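# Examination of the molecular architecture
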Amino acid sequence: MAARRLDGTAVAARIREELAPKAAAFAARHGRPPGLGVVLAGSSAASEIYVRNKLKTVAEAGCKAALFRLDESASLDEALATVRSLNADDTIDGILVQSPLPAGMGKGAEQQVFDAVDPAKDVDGFHAINAGLLVQKRATLVACTPLGCIELLEREAIPIAGRHAVVIGRSDIVGKPMALLLLHRDATVTICHSRTTDLPAMARQADILVAAIGRPGFVTKAFVKPGATVIDVGINRLDTADDVARFFAEGSAKRRQFAEKGSVLIGDVHPEVEEVAGALTPVPGGVGPLTIAMVLRNTIAAAEARAQ
Ligand code: NAD
């Protein structure tokens, strides 16, 4: 039987509807809307799309959404100066620095820029203070992608407490905070990564399997216990006919899409997993829209916390 499709687009739309009145109430109380400042350095096509979607979502909910562009050739000092000016701007409650920063800023630049963000405005939840507060289960601002995954599980009434959750991927941005959020909801959590021995066997123990790896179609049926819930965080682009043919059958919607557009998106989960999983997030239309809805939620949460 085909897995239940966990429709992130629909859930994110409901969340945005719930948040818009909160933004309006904040504006009425404080004489200004919650404000988000996004720093975008360089001109990666993918980053442009992510940033545009975040700004549009936040603006449509009645918040201020401002873009601060830096050239591809901008220095680390310029990026740090932009962040500091946003830290000092009282109309900005949330700061988001779009990753990746241009390679020319040097190794470790991203960490330095994230560290420079005022923790009270850190709507990405990447600052060490917010990461630490998350460990202690008292964070106001939590990384948007894992927060969105949890929101989806809860709104789709998928039980977490007492279940075995396996997270593949241990990045600071997705894997680690995901594991902590599941732990805080009383799941038994296993974190797997590139050095895990017999990964398929580990993953097959999962009632909830989260794939945050960055490798197209990596999680096959062999990784999935029948009936498990599978959350596919990966976003990978396929842009050759051979790659598309490796994953998608002749006559499928993705093949048609490739013929029209020249590329298609695929997650970290192989399409065949649909045959065994109990529930599955699509890519696109699964975790992505939730991530963006959580940027809005965190912007309003930061505004409210700062106003107190
Ligand atoms: P990352 O590269 O920082 O981390 C990848 C993790 O996967 C690492 O911890 C690594 O140990 C693990 N890994 C790599 N190869 C592996 C292997 N062969 N076996 C087991 N584990 C392996 O990536 P990230 O920032 O955590 O992002 C992961 C994916 O999620 C990417 O595809 C990214 O595009 C996507 N992403 C999506 C959203 C969204 O909104 N949907 C947001 C952020 C990231």
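What counts as what
- Residues numbered from 1 in each chain as written.
- Predicted model: local features only at pLDDT ≥ 70, side-chain atom pairs only at ≥ 80, totals over all residues.
- Heavy atoms only, no water.
- Helix = DSSP H or I, 4+ residues; strand = E, 2+ residues; numbered from the N terminus.
- Rg over C-alpha atoms; globule rule 2.2 N^0.38 Å.
- Buried < 20%, exposed > 50% of the residue type's maximum accessible area, 1.4 Å probe, protein only.
- Contact = heavy atoms within 4.5 Å.
- Areas by Shrake-Rupley, 256 points an atom, 1.4 Å probe, with all protein chains shown as cover.
- Core = buried A, V, L, I, M, F, W, Y, C linked by side-chain atoms within 4.5 Å.
- Expected span 1.5 Å × (residues − 1).
- Near = heavy atom within 4 Å.
- Polar contact = N/O pair within 3.5 Å; in protein donor to acceptor, adjacent residues only side chain to side chain.
- Nonpolar A, V, L, I, M, F, W, Y, C, P; charged D, E, K, R; others polar.
- Patch = residues over 30% accessible without salt bridge, like charges linked within 9 Å, V, L, I, M, F, W, Y side chains within 5 Å.
- Salt bridge = Lys/Arg side-chain N within 4 Å of Asp/Glu carboxyl O.
- Lys, Arg positive; Asp, Glu negative; His and termini not counted.
- Charge placed at Lys NZ, Arg CZ, Asp CG, Glu CD.
- Domains from an automatic or database assignment.
- 1 Å grid on protein atoms, 1.4 Å probe; cavity = no way out; pocket = protein on both sides within 12 Å on 5 of 7 lines; lining within 4 Å.
- Points joined across faces, edges and corners; volume = space filled by probe spheres on them.
- Disulfide = S-S within 2.5 Å.

## Considering the overall build of the chain
Of the regular secondary structure elements, the chain holds eleven helices and eleven strands. Relative to the compact-globule value of 19 Å for 308 residues, the chain shows a C-alpha radius of gyration of 20 Å, a close match. Projected onto its principal axes, the C-alpha coordinates of the chain cover approximately 55 × 40 × 35 Å. Every one of the 308 residues in the chain was classed for burial, and the buried ones make up 49%. Contacts in the chain between residues at least 24 apart in sequence constitute 70% of all its contacts with a sequence separation of at least 6. Carbon and sulfur atoms form 52% of the exposed surface of the chain, whose accessible area is close to 14,100 Å².

## A closer look at the nonpolar core
Counting 49 residues, the largest nonpolar core has Leu 182, Val 210, Ile 231 and Val 233 as its most contacted members. Elements with a minimum of two residues in this core: α1 (8–30), β2 (35–41), α2 (45–60), α6 (144–155), β5 (164–168), α7 (175–184), β7 (208–211) and α11 (287–307). With eight residues, α11 is the single largest residue contributor to this core. Those residues in contact with Ile 231, other than ones at most four positions away along the chain, are Leu 6, Cys 149, Leu 153, Leu 209, Val 210, Ala 211, Thr 281 and Val 287. Counting residues in hydrophobic clusters, the runner-up holds 21 residues, among them Val 39, Val 83, Val 97 and Val 113.

## Some remarks on helix α3 (residues 76–88)
Between its terminal C-alpha atoms α3 stretches 19 Å, which fits the 18 Å expected from 13 residues at 1.5 Å a residue. Close packing links the buried residues of α3 with β2, β3 (64–70), β4 (94–97) and α4 (109–116).

## Comments concerning the site of the ligand
The environment of the ligand is made up of 21 residues, and the closest members are Thr 145, Arg 170, Ser 171, Arg 215 and Thr 291. Between an oxygen atom of the ligand and a main-chain N or O atom of Ile 235, the distance comes to 3.3 Å. Of all the elements, α11 adds the most residues to the shell around the ligand, at three residues. A breakdown of the residues in the shell around the ligand according to their chemical character gives nine nonpolar, ten polar and two charged.

## A closer look at a negative patch on the surface
A contiguous patch of negative charge on the surface is contributed by Asp 71, Glu 72, Asp 77 and Glu 78. Topologically, Glu 72 is positioned in the loop between β3 and α3.

## A look at the domain arrangement of the chain
As far as domains go, the chain holds domain 1 (31–121) and domain 2 (144–290). When each unit is reduced to the centre of its C-alpha atoms, the spacing between domain 1 and domain 2 is 28 Å.

## Thoughts on the pattern of salt bridges
Per the counting criterion, the structure on display carries 15 salt bridges. Glu 18 is the partner of Arg 155 in a salt bridge, and the nearest nitrogen-oxygen pair spans 2.8 Å. With Arg 155 in helix α6 and Glu 18 in helix α1, this residue pair connects regions lying 137 residues apart in the sequence. What makes Glu 18 partly exposed here is its relative accessible area of 40%. Asp 243 is the partner of Arg 246 in a salt bridge, and the nearest nitrogen-oxygen pair spans 3.5 Å. Highlighted residues: Arg 246 and Asp 243, both in helix α9 (residues 241–247), separated by three residues, approximately one helical turn. Among the ionic contacts, a cluster of salt bridges with common partners joins Glu 18, Glu 151, Arg 155 and Arg 297.

## Brief notes about the layout of surface pockets
Considering only enclosed or pocket space, the second largest pocket measures out at about 520 Å³ in volume. In this structure, the second largest pocket is lined by 20 residues; those nearest its centre are Lys 254, Pro 271, Glu 274, Pro 282 and Val 283. Of all the elements in the fold, those that place two or more residues in the lining of the second largest pocket are α10 (253–261) and β10 (264–266). With three residues, α10 is the single largest residue contributor to the lining of the second largest pocket. Looking at the lining of the second largest pocket residue by residue, the class counts come to eleven nonpolar, five polar and four charged.

## Topic: the state of the cysteines
Defined simply, a disulfide is a covalent bond joining two cysteines at their sulfur atoms. Under the definition given, this model contains zero disulfides. Not engaged in a disulfide, the cysteine Cys 144 finds its nearest cysteine sulfur in Cys 149; these two sulfurs lie 11 Å apart. Residue classification places Cys 144 among the buried positions, given a relative accessible area of 3%. Residue Cys 149 is classed as buried on the basis of its relative accessible area, which comes to 1%.

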